[in-house]
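Remarks on the overall topology
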Amino acid sequence: MPLNCGIVGLPNVGKSTIFNALTSAKAQAANYPFCTIDPNTGVVTVPDARLQKIAALIKPKSLVPTTMEFIDIAGLVEGASKGEGLGNQFLGHIRATDAIAHVVRCFDDPEVVHVAGQVNPLHDIDIINTELLLADLDTVEKRFAKTERAARSSTDHRVKAEYVVLQKLLAALNAGKPARSAELADDERLIARDLFLITAKPQLYVANVDEAGLAAGNAYTAAVEQRAGEEASQVVRISGALESEIAQLEPEERAEFLADMGLAEPGLDRLIHSAYRLLQLITYFTAGVQEVRGWTLRRGTKAPGAAGVLHSDFEKGFIRADCYASDDLLALGSEQAVKEKGLLRSEGKDYVVKDGDILFFKFNV
């Protein structure tokens, strides 16, 4: 199952427009709040030039890129944590995602109604972030009340460890900071993960601009970028309207259109790559005459875990992985040349897979 990124924001900021272009799906986009009632889900390929280059050398029968999932979640409004608008229904949808792409309107257009009456990206950000924080605070307070009572009488170290974690989370949330800012040890993060806190998820900002603001930005994007810098977050600048046009073009026309606009790649490709980095993901490849395929993996995963992405039995019966770097293949021109240079390695269970590795798994089941 691909890892996913939830697209959130106030109504009418361009979430569904960006989602439609991103996935070439048909999520309803309308000029009124709550036009998205159910989350729209789309699986998109992760743009990776290495895949085509590897295939050009291996000449496989099929080519399969790696993917990730985007979920368009209905617009939140002030008071959502208390059930306003479509409220907790959508907070639940956000809890199920791995990361959050927060779309912020950074353009003026009198034809597109702003739910707050005027464009003010920092105010919009504060509304969404506050609602997510209040929802998490409610979750942690309820759990804390229960755990505090148990910790007084229990000798179970797990109960006491959870109590400490909840104290740290409460301190951060009560200070108006997201759960991800709490200083937790690795074992404490495992405890916190069970709470499914929304503000514990990594978040990036998507500044939705008009065409004029795409290259140089504007006063709105400058404010968003400053806020993101303070939060150690990322900003991707996208023109939803322009991306909608690009998405409708054939590949050849698309390349010509981008060249005319002075763009190296669509903004949506930058969004996918940013979300990929946000989730600490890398791509490794399997390559043979039957298939060249990209696989998504969390950074820091060892070889048996990479084998498990293909099939759980491969992880259980893992013996070793023959491995070389895709950069070496592309530089030398053939797998045989890689072998002759002594760059094909045999790696064991402790090998940490690197981005761009080409792996061949040996296993016994």
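Positions within a chain are numbered from 1, following the residues in the order the chain's sequence is written. Residue-level local features of this predicted model are given only where pLDDT is at least 70; pairs of side-chain atoms are given and counted only at 80 or more, and the full residue set underlies all totals for whole chains, interfaces and linings. Side-chain numbers here rest on the full set of heavy atoms in the structure, without hydrogens or water.

Let's shift gears to the sheet that holds strand β7 (residues 234–238). Judged by pairing direction, the sheet is mixed, and its six strands sit side by side in the order β2-β4-β1-β5-β6-β7 without closing on themselves. Since the sheet does not close on itself, it has two edges, and those belong to β2 (40–45) and β7, each with one partner. Averaged over all neighbouring strand pairs, the angle between strand axes comes to 25°, with direction disregarded. Strand pairing is assigned whenever DSSP detects at least two bridges linking the two strands. The numbering of helices and of strands both runs from the N terminus, where a helix is a DSSP run of H or I of at least 4 residues and a strand a run of E of at least 2. Pairing between β2 and strand β4 (residues 67–72): six bridges, direction antiparallel. Note that in β4 the partner of valine 44 across the bridge is methionine 68. Contacts were defined at the residue level, with two residues in contact if any of their heavy atoms lie within 4.5 Å. Only C-alpha atoms enter the line fits that serve as axes; for helices the fit covers just the stretch in contact. Angles between N-to-C directions range over 0 to 180 degrees. Lying on the sheet, helix α7 (residues 219–230) is in contact with β5 (99–105), β6 (203–208) and β7; it crosses β7 at an angle near 160°.

Any Lys or Arg side-chain nitrogen located within 4 Å of an Asp or Glu carboxyl oxygen qualifies as a salt bridge. Taken as a whole, this structure holds 17 salt bridges when the rule is applied. Arginine 158 is the salt-bridge partner of aspartate 156, the closest N and O atoms lying 3.2 Å from each other. In this structure, the salt-bridge partner of lysine 339 is glutamate 335, at a minimum N-O distance of 3.5 Å. With lysine 339 and glutamate 335 both in helix α14 (residues 335–340) and four residues apart, the pair spans about one turn of that helix. For glutamate 335, a relative accessible area of 24% corresponds to the partly exposed category. Within the structure, one salt-bridge network assembled from shared partners comprises Asp48, Arg50 and Asp355. Throughout, exposure labels follow a simple rule: accessible area from a 1.4 Å probe, protein chains only, divided by the maximum for the residue type, with under 20% read as buried, over 50% as exposed, and the rest as partly exposed.

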